[in-house]
Amino acid sequence: MESAIPDSTIPERLSVILDGMRVLDRTSEIAGPYCTKLLADAGADVVKLESTTGDPLRRWRSGALFEFLNTSKRSVTSAGDALLHGADVLVTNDSADASLVNQHPSLVVVTITPFGCDGPWADRPATEFTLQAWCGSTGQRGVPEEPPIAAGGRLGEWVAGSYAAVAALAAAREADRSGNGEHVDVALLDCMALTMTTFPSVFASFLGWPRMRGTGRMIDVPSVEPTSDGYVAVTTNAAQQFRDFLVLIGHGELVDDADLAKAMVRFKNRAPFLAMVHEYTTKHTTDEVLDEAALLRIPSGPVLNGATVTGFEQFVERGVFEPGPSGRFVQPRVPYRIGGLDPRPFAPAPGVGEHDDAVEWTPRPSEVGADAWRAPLHGLKVIDLTAWWAGPSAPHALACLGADVVKVESASRPDGARFTTMKPPSEDQWWEWGALFHSVNTGKRGITLDLSRNEGIEVLHRLLAGADVLIENFTPRVMEQFGLDWDEVHRLHPHLVMVRMPAFGLDGPWRERTGFAQTMECMAGMAWVTGWPDGPPVLVRGTCDPLAGMHGAFATLLALEARDRDGEGRLVEAAMVESALNVAAEQVVEHGASGALLAREGNRSAGAAPQGLYRCAGEDRWLAVAVATDAQWLALRGVLGEPAPEGTATVDGRRAAHDQLDAELADWCGDRDADETADALNGAGVPAAVVIPTRDVSHNVQLQHRGLFELHEHSVTGAHELPGMPFRFSRVERWLHRPAPTLGQHNDEVLHEAGLDDDAIAELRAKAVIGESL
């Protein structure tokens, strides 16, 4: 059993891998600082350029979130222009900084803005709350008889930070090789459109854009359910999981009910169905439900929060939480482990200007690099054994960045994402219509291998001999059953980086349990802060899968950097739940620092008031408004044409009067057109958005301008718009260079490259080791 990250095969442990990289951080809030935190944790020298009053996040709540995001950085309040001459990477919230690449040819400039640096919406005001409305996230959450609900925790900003870190590291890799810098244009809306919904526009496109019925809002049934001592989260993504769940709650007589097996049928009849569920769950403790669910291999987990998550058995056993450098709280460790690489110890967040006159960076070359720029991962080969969404999203990003990614499935057990199909099994090649599969497997070549057979393993080793990276996200026992544990892989392929992305980690009591995004949302605390104050936690429905993928991709790039130094392959562990814990860290650090337990606020927040959804004219039309500053409040009053109520000049005063302000805005919006009202408020500088049906996100004019969705012609499904990367490089026209592969599409091509002749390939096909259909 693989119980830890071994390093006995590494000749000597390296220091933190990005030592020598210089990063100038001109950002505030969450997205930019999380991007630079990931770089700092990996060893980069990150210098935070602040005003003399400091990053406003320093004054947010107890200041714990600022400390978490800015550990191991230095702070200056001047000399930013001078530091640019010595920086490798600039991360900024100012789109005007994009032009600095022209003045500093080797510099990588990463801009992180709400809508991107250009396009018809580039200058619109926005907050996380209004961006959730624009991206379709809010519109999918809740039940039809109530207003939609935004996700808590500002998840979109964390997501954008993780994508920005991957893009920054990839661009810096190529700048180091060629001497040519790059502008990386990261838009929060793009990131949120790809991660806070499950590609609804692709599903709609595969169905031929049928007419919408109802509001589109729903909750998973079952999902977060009450127990005798709290809540439990249950996931039944697969048909077998739902049948097993029926057995769990004592209703095995219903396993053959074809209607009940349909998620939408259960949702429409949720009251009687949930009554049956709660008859079981409320008579058992959370631990009892989890133990019985584990026996049936039903993905499940506890619903934790800032007070309880640090004591969960899996996290305690693995040492996931460690003391923060200030001593005020514990915090999640870096969300990956790399054999032979010691993580950088956390250093305290700096005081404002603490390092003024103490940062001395020698200038970098000022001339254009002699080598032509190319895709950052050009020449790298990746063998992809992943499935569903979290795993495939990592090699998907690597493929977009230039790697040759070969996806390996089995013809008898293909990637489960193929079963998100829009065609019934009675139709030919129905498995090629999986909308989720297409969305995260574009740009890859595809082969099939039966890894339960010795012949399949032998062929896989042929592929690994010519590859740089092997990446998988099975439960740990699966790879060991294949004989593909790290010791064996490293013995045969010492150059290979092996990336393992299990749900809960390679060791610990939850090592062998199956987990999906819904499980992670609940265990990390994301569901705890989503929902109505007087109601149960609500699933976010998205985010954790691509978050895990981006942290896995980031760790892969770090391991490749280490291999560039000493030629050694390494084992990388990127547990899905640990990326979620980092993104939900505010709950833990705030509870530790102040004792405050963050909770559900519906559509309100501590950072904006008024903030809410207001019904407009028409059927189920809602306007999202978020007033984050006093200036925006004055602008809103100007649009309303009425003076502000007494005592509302400050955010605290407005929060105290929130009920009154909500009633006023609801009355004002009631007979107005949502789109026209959003335009009017945006024009006045007030963040506002229309709560769109989730599938309509691909029609957004800003996303169309930025080319987030790229048209691809597939041999079976035809032409559809599929998502690329939610950032842009100035030298890249489009990210996707081939559609998602059909099952086994590249068997002959890839196996010929591995040295097999036609007769050997024909024999593998005859023995069903490879195949092209189910």
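Not measured: the values here are computed from a predicted model. (Residues numbered from 1 in each chain as written. Predicted model: local features only at pLDDT ≥ 70, side-chain atom pairs only at ≥ 80, totals over all residues. Heavy atoms only, no water.)

### What about the overall build of the protein?
Looking only at helices and strands, the protein has 29 helices and 24 strands in total. Compactness check: the protein gives a C-alpha radius of gyration of 25 Å against a globular reference of 28 Å for 774 residues, within 12% of the reference. Carbon and sulfur atoms form 50% of the exposed surface of the protein, whose accessible area is close to 27700 Å². (Helix = DSSP H or I, 4+ residues; strand = E, 2+ residues; numbered from the N terminus. Rg over C-alpha atoms; globule rule 2.2 N^0.38 Å. Areas by Shrake-Rupley, 256 points an atom, 1.4 Å probe, with all protein chains shown as cover.)

### Brief notes about the sheet that holds strand β2 (residues 45-49)
The seven strands lie next to each other as β3-β2-β1-β4-β5-β6-β24, forming an open sheet whose pairing is mixed. In the strand order of this sheet, the two ends are held by β3 (73-76) and β24 (727-729), each with one partner. Adjacent strand axes in the sheet meet at a mean angle of 20° when their direction is disregarded. Where strand β6 (residues 182-187) and β24 come together, three bridges link them in antiparallel fashion. Considered in β24, the bridge of Val186 is made with Phe727. Against the sheet, helix α1 (residues 31-41) contacts β1 (22-26), β2, β3, β4 (89-92) and β5 (108-113), and its axis sits at roughly 165° relative to β1. Of the strands in this sheet, β5 and β6 touch helix α7 (residues 188-195), which is tilted by about 60° from β6. (Pairing = 2+ DSSP bridges. Axes fitted to C-alpha atoms, helices over the stretch in contact; angles between N-to-C directions. Contact = heavy atoms within 4.5 Å.)

### Focus: the packing of helix α6 (residues 155-178) against helix α20 (residues 544-566)
Packing of α6 against α20 brings their axes to within 9 Å, and their N-to-C directions diverge by 25°. As summarised for this structure, α6 and α20 are arranged roughly parallel, according to the angle between their axes. For the element pair α6 and α20, the recorded crossing hand is left-handed. Along the contact surface, α6 presents Trp158, Val159, Ser162, Tyr163, Ala165, Val166, Leu169, Ala170 and Arg173, while α20 presents Pro546, Leu547, Met550, His551, Ala553, Phe554, Leu557, Leu558, Leu560, Glu561 and Asp564. Grouping the amino acids of the contact of α6 with α20 by side-chain chemistry returns 15 nonpolar, two polar and three charged. (Parallel < 35°, antiparallel > 145°, perpendicular 65-115°, else oblique. Left-handed = near helix turned anticlockwise from the far one by under 90°. Nonpolar A, V, L, I, M, F, W, Y, C, P; charged D, E, K, R; others polar.)

### Observations concerning the packing of aromatic side chains
What the rule picks out here adds up to 20 aromatic pairs. Note on Phe729 and Trp735: the rings are 5.2 Å apart at their centroids and 80° apart in plane angle, and the pair reads as edge-to-face. Assessed through its relative accessible area of 7%, Trp735 is described here as buried. In this structure an aromatic cluster arises from ring pairing among Phe312, Phe315, Phe321, Phe504 and Trp510. Of note, Arg513 hangs over the ring of Trp510, and the distance from its end group to the ring centre comes to 3.9 Å. (Phe/Tyr/Trp six-rings, centres within 6.5 Å; stacked < 30°, edge-to-face > 60°. Buried < 20%, exposed > 50% of the residue type's maximum accessible area, 1.4 Å probe, protein only. Lys NZ or Arg CZ within 6 Å of the ring centre and 35° of its normal.)

### Describing the confidence of the model for the protein
It should be kept in mind that the predicted coordinates are not to be read in detail where pLDDT is low. In the predicted model, the protein carries a mean pLDDT of 93, and 98% of its residues have values of at least 70. Confidence drops under a pLDDT of 50 for residues 7-14, and excluding neighbours within four residues, the segment shows 22 contacts in the predicted structure. (pLDDT = per-residue confidence, 0-100.)

### A look at the sheet that holds strand β15 (residues 445-448)
Strand order in the open sheet formed by seven strands is β12-β18-β17-β16-β13-β14-β15, and the pairing between neighbours is mixed. Unpaired on one side and paired on the other, β12 (337-338) and β15 mark the two borders of the sheet. As paired strands, strand β13 (residues 381-384) and strand β14 (residues 404-409) are joined by four bridges and run parallel to one another. Bridge pairing links Lys381 to Asp404 in β14.

### Notes on helix α26 (residues 674-683)
Among all positions of α26, only Ala674, Thr677, Ala678, Leu681 and Asn682 are buried. Each buried residue of α26 lies within a common arc of 130° when the element is viewed along its axis, so the set occupies one face. Residues Glu676 and Gly683 are exposed on α26 and point more than 90 degrees away from its buried face. At its buried positions, α26 is contacted by α5 (128-135), β20 (622-626), α23 (630-640), α25 (658-669) and β21 (688-690). In this structure Asp673 caps α26, since a side-chain oxygen of it lies 3.1 Å from the backbone nitrogen of Asp675. Gly685, located one to two residues past α26, shows a positive phi value of around 95°. (Arc of directions from axis to C-beta. Polar contact = N/O pair within 3.5 Å; in protein donor to acceptor, adjacent residues only side chain to side chain.)

### Some thoughts on the environment of Glu578
Tracing the chain through its elements places Glu578 in helix α21 (residues 576-583). A relative accessible area of 3% means that Glu578 is categorised as buried. Along the sequence, Glu578 and His551 sit 27 residues apart, while their C-alpha atoms lie 9.4 Å from each other. When near neighbours in sequence (up to four residues on either side) are disregarded, Glu578 contacts Arg318, Val320, Arg333, Val334 and Pro335.

### Regarding the pairing of strand β7 (residues 224-227)
Of the pairings in the sheet, the one linking β7 to strand β8 (residues 230-234) comprises four bridges and is antiparallel in character. Residue pairing across strands places Thr227 opposite Gly230, the latter belonging to β8. Taken together, β7 and the strand that follows it, β8, pair antiparallel across an intervening segment of two residues.

### Comments concerning the pattern of salt bridges
Enumeration according to the criterion identifies 62 salt bridges in this entry. For Lys283, the salt bridge is made with Glu279, and the minimal N-O distance between the two is 2.5 Å. Judged by relative accessible area, Lys283 falls into the exposed class, the value being 57%. Judged by relative accessible area, Glu279 falls into the partly exposed class, the value being 47%. One salt bridge connects Arg637 with Glu664, and the closest N-O pair in it is separated by 2.8 Å. Of this pair, Arg637 sits in helix α23 while Glu664 sits in helix α25, and the two are 27 residues apart along the sequence. (Salt bridge = Lys/Arg side-chain N within 4 Å of Asp/Glu carboxyl O.)

### Focus: a negative patch on the surface
A contiguous patch of negative charge on the surface is contributed by Asp229, Asp287, Glu288, Glu292, Glu313 and Glu317. If you list the elements that add at least two residues to the negative patch, you get α12 (286-295) and α13 (313-318). At three residues, the largest contribution of residues to the negative patch is made by α12. (Patch = residues over 30% accessible without salt bridge, like charges linked within 9 Å, V, L, I, M, F, W, Y side chains within 5 Å. Lys, Arg positive; Asp, Glu negative; His and termini not counted. Charge placed at Lys NZ, Arg CZ, Asp CG, Glu CD.)

### Focus: α6
Taking 1.5 Å of rise per residue, the 24 residues of α6 would be expected to cover 34 Å, and the 35 Å separating its terminal C-alpha atoms lies within 8% of that figure. For α6, a buried count of 22 out of 24 residues is recorded, marking the element as mostly surrounded by other parts of the structure. Two residues or fewer after α6 comes Gly179, characterised by a positive phi angle close to 80°. (Expected span 1.5 Å × (residues − 1).)

### Points about the packing of α23 against α25
It is the contact of α23 with α25, at a shortest axis distance of 12 Å, that shows an interaxial angle of 40°. Taken together, the axes of α23 and α25 lie oblique to each other. Like other packed secondary-structure pairs, α23 and α25 cross with a definite hand, here left-handed. Every residue of α25 that contacts α23 at Trp633, Leu636, Arg637, Val639 and Leu640 is listed here: Leu661, Glu664, Leu665 and Trp668.

### Structural notes on the side chain of Gln132
Structurally, the position occupied by Gln132 is in helix α5. When neighbours within four sequence positions are excluded, Gln132 is seen to be in contact with Ser137, Thr138, Arg141, Ala150, Ala151, Met192 and Met196.

### Quick look at the environment of Ala263
Tracing the backbone through its elements, the reader meets Ala263 in helix α10 (residues 263-268). For Ala263 and Pro222, which are 41 residues apart along the polypeptide, the C-alpha to C-alpha distance reads 9.1 Å.

### What to know about the nonpolar core
Core analysis: the biggest nonpolar cluster contains 190 residues, and Val110, Phe315 and Phe727 have the highest contact counts within it. The element best represented in this core is α6, accounting for 15 residues. In contact with Phe727, not counting residues within four places along its chain, are Tyr163, Ala167, Val184, Asp185, Val186, Leu401 and Trp735. The next biggest cluster of nonpolar side chains, apart from the first, holds 30 residues, and it includes Ile457, Leu460, Leu484 and Ile761. (Core = buried A, V, L, I, M, F, W, Y, C linked by side-chain atoms within 4.5 Å.)

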